[in-house]
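# Fold and contact review
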Amino acid sequence: MSVRPTEEVLSTARVALSAELGREVVLDEPVGLVSWDDRAAEVLRCRLEGSPSGESTTVIVKASNLGHGHVRREIAALRFLNEIPEADGLVPRLLAAAPDDDLMVISDLGPDDRWFARWVEGGARDEAAPIAPDVASAVAAFHAHQRAMARLHGVTQGRLIRYEALLAEVAPTESTRHRCWRLDEALRALPDEVAPLLSSVPSELGRELTVIARVLDEPGPFLVLTHGDPTLANGQLDGRGEIVLFDLEAVAPRHALVDGSFAAFRYLHSMWARRLPSRLRKELQATYRAELARWIPEAADDALFEEALAASCAAWLAGLLCLLPRALKQDEEWNGPSLRQRVWAGLEHAAEMPGLSSRWPALAEVVENLLDRLGREWGPLAPLPGYRALR
């Protein structure tokens, strides 16, 4: 993977935006918004001269560094969502696209200090000593995040034929690196991942994992367009206190609860994972479900929803346990929490879920035995650090 030169990115974006607006535009004063070395994309905030209003404004240019079309999927998703009136304000506006160059230009969502992942920690990306928002504001923002996710799912249910047509027009060549594409693999691999740590693997585990995979593979009324990577890092607080979702690289039609289990479990996979109090996780899950039921009435059915939630949490647990070989060799920090802290928190979450243990006792037995074995092997672990705003 090689980083694309800024001038090449700006030149391509300039041509695409000029063609879309029907007039020559100038893009300059680029500021990089992603700094890590192995970044999948160049993301630049640029000053735009020649906007329809005639005023100077800023836009965001995103160009893939991976070279296999992963921004094209996002282009199709934004075109799709920008067409849906009920999705207004939910995602950025797509201003121009160059699919063959894996590049797009979108509306600027606002200042860095409203980027959700940093805001809940108290400051902008480069602020050394942030000041956290008050607890009430932070909790309200977490609930807004869950409403936004449910709204994404609700407004796209029953409309996916249009999305597939737009996707075919840009023809992405590969899926992204996100684990959401590999949950079925994680479920199949789970017995082999845990076998070295257990005296025996329950005989019914394989059958249960097959059932879990089938629940997610046959979503029925819960087939929607999912974000795929619904972390706090992919949300921006707008002026109304609502969340705008971005970074739709992993978007795809899936079971809604693949995203919708974020508060219950999915958040542990995020680079920005921090401790969410148990009560708050339950309240956030209830907010997601209530909003989803506005669009998909079946979400109010306890049997359907709770089975899907348990299956999604089990799948994300399997994904988390794929980290076990690395965590067993040595602990590694990942933007604060370590691999072992994440694995341990995931096992504790699973052990606390009655919907998982009552449906899949073999998996519950594996969880209990792993907690016992790893507790003896790793010794006491510090809990996940909390979000600054919730401390």
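Before reading further, recall that the structure is shown in the block above.
Now for a look at the structure at hand. All values derive from a computational prediction rather than experimental measurement.

## What to know about the overall build of the chain
Helix and strand counts for the chain come out as 14 helices and nine strands. Taking 21 Å as the expected radius of gyration for a compact globule of 391 residues, we find that the chain reaches 21 Å, a close match to that expectation. Considering only C-alpha atoms, the chain reaches an extent of 70 × 45 × 40 Å along its principal axes. Nonlocal contacts in the chain, meaning residues at least 24 apart in sequence, comprise 72% of its contacts between residues at least 6 apart. For the chain, the exposed surface amounts to about 16,600 Å²; the carbon and sulfur share of it is 50%.

## A few points about the side chain of H153
Examined against the element boundaries, H153 turns out to sit in helix α4 (residues 135–156). Here the side chain of H153 touches Y288 through a polar contact of 2.8 Å, side chain to side chain. When near neighbours in sequence (up to four residues on either side) are disregarded, H153 contacts V224, L225, T226, A256, D259, G260, Y288, L292 and I296.

## Re the pattern of salt bridges
Evaluation of the coordinates by the stated rule reveals 24 salt bridges. The residue R373 makes a salt bridge to E377 at a minimum N-O spacing of 3.2 Å. With R373 and E377 both in helix α14 (residues 361–378) and four residues apart, the pair spans about one turn of that helix. Salt bridges sharing common partners tie together D28, E29, R47 and E49.

Cut-offs applied
Residues numbered from 1 in each chain as written. Predicted model: local features only at pLDDT ≥ 70, side-chain atom pairs only at ≥ 80, totals over all residues. Heavy atoms only, no water. Helix = DSSP H or I, 4+ residues; strand = E, 2+ residues; numbered from the N terminus. Rg over C-alpha atoms; globule rule 2.2 N^0.38 Å. Contact = heavy atoms within 4.5 Å. Areas by Shrake-Rupley, 256 points an atom, 1.4 Å probe, with all protein chains shown as cover. Polar contact = N/O pair within 3.5 Å; in protein donor to acceptor, adjacent residues only side chain to side chain. Salt bridge = Lys/Arg side-chain N within 4 Å of Asp/Glu carboxyl O.

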